[in-house]
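Take a look at the letters that make up each chain.
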Amino acid sequence: MSLDVSPKLLAEAEHGDIREANFVDTVRTSLPYAYNLIAGLATELGHSTRDFTDNQTPPPSEQERGQLLRALASDAIRGSLERHFGVTLAFQNCHRVAAFRPGALGGETYARFTSVRAQVLNQSPEFRDC
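Residues numbered from 1 in each chain as written. Predicted model: local features only at pLDDT ≥ 70, side-chain atom pairs only at ≥ 80, totals over all residues. Heavy atoms only, no water.

Moving on: the overall build of the chain. In terms of helices and strands, the chain carries seven helices and three strands. Along the chain, from the amino end to the carboxyl end, the secondary structure elements read α-α-α-β-α-α-β-β-α-α. Burial analysis of the chain (130 residues in total) assigns 40% to the buried set. Within the chain, contacts between residues at least 6 apart in sequence are counted, and of these 60% link residues at least 24 apart. Put simply, the chain shows about 7,600 Å² of open surface, and 52% of that area lies on carbon and sulfur atoms. (Helix = DSSP H or I, 4+ residues; strand = E, 2+ residues; numbered from the N terminus. Buried < 20%, exposed > 50% of the residue type's maximum accessible area, 1.4 Å probe, protein only. Contact = heavy atoms within 4.5 Å. Areas by Shrake-Rupley, 256 points an atom, 1.4 Å probe, with all protein chains shown as cover.)

Shown next, in the form of structure tokens:
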């Protein structure tokens, strides 16, 4: 299971829509490495004039890598984190996460980062089994 869903949140979901803030809090407590990494990127982006900030440091263990993969592979989790932090996320390999300004989608820098060329150029033997 990728999220530790509280009985209260589960009951909320069973009775209709849930508050996104409650969902984001569940992500924060269930996937702390992923949440904190994205929070840090969003903060760094907010304090800069760059188009994006990114992480190029591999996670310290497979557990943290798994958290990152689960967070970014889920449309619901990823979308909630993007709305919560006010960023657009992009992902390469097993750990290279980038936070872009919200209007970046469709822009040249975002397109270059998410291109097939960038993906191929960002490969190395240590990433093949991640």
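Next comes the rest of the account.
This next bit is on the side chain of Asp 54. In this structure, Asp 54 sits in strand E1 (residues 52–54). For Asp 54, the side chain forms a polar contact with the side chain of Arg 96, separated by 2.7 Å. Apart from the residues lying within four places of it in its own chain, the contact partners of Asp 54 are Leu 41, Arg 96, Val 97, Ala 98 and Phe 113. (Polar contact = N/O pair within 3.5 Å; in protein donor to acceptor, adjacent residues only side chain to side chain.)

Before going further, it helps to examine the sheet that holds E1. The three strands are arranged E1-E3-E2 in an open sheet whose pairing can be described as antiparallel. Only two strands of the sheet have a single partner each, and these edge strands are E1 and strand E2 (88–92). With direction set aside, neighbouring strand axes in the sheet form an average angle of 20 degrees. Where E1 meets strand E3 (residues 96–100), three bridges bridge the pair, whose relative direction is antiparallel. Following the sheet pairing, Phe 52 is matched in E3 by Phe 100. Strands in contact with helix H3 (residues 32–46) are E1, E2 and E3; relative to E3, the strand with the most contacts, it is inclined by about 40 degrees. (Pairing = 2+ DSSP bridges. Axes fitted to C-alpha atoms, helices over the stretch in contact; angles between N-to-C directions.)

Glancing now at the pattern of salt bridges. A complete count under the given rule lists five salt bridges for this structure. Between Asp 54 and Arg 96 there is a salt bridge; the shortest N-O distance is 2.7 Å. Separated by 42 residues along the polypeptide, Asp 54 in strand E1 and Arg 96 in strand E3 bring together distant segments of the chain. Across the pair, exposure class does not vary: Asp 54 and Arg 96 are buried alike. For Arg 65, the salt bridge identified is with Glu 62, shortest N-O distance 3.2 Å. Of this pair, Arg 65 and Glu 62 both sit in helix H4 (residues 62–73), three residues apart, roughly one helical turn. On the accessibility criterion, Glu 62 (54% relative accessible area) is exposed. (Salt bridge = Lys/Arg side-chain N within 4 Å of Asp/Glu carboxyl O.)

Attention now moves to the confidence of the model for the chain. Per-residue confidence for the chain gives a mean pLDDT of 87, with 85% of residues at or over 70. H3 holds the highest mean pLDDT among the elements of the chain, 97, whereas helix H7 (residues 116–121) holds the lowest, 65. (pLDDT = per-residue confidence, 0-100.)

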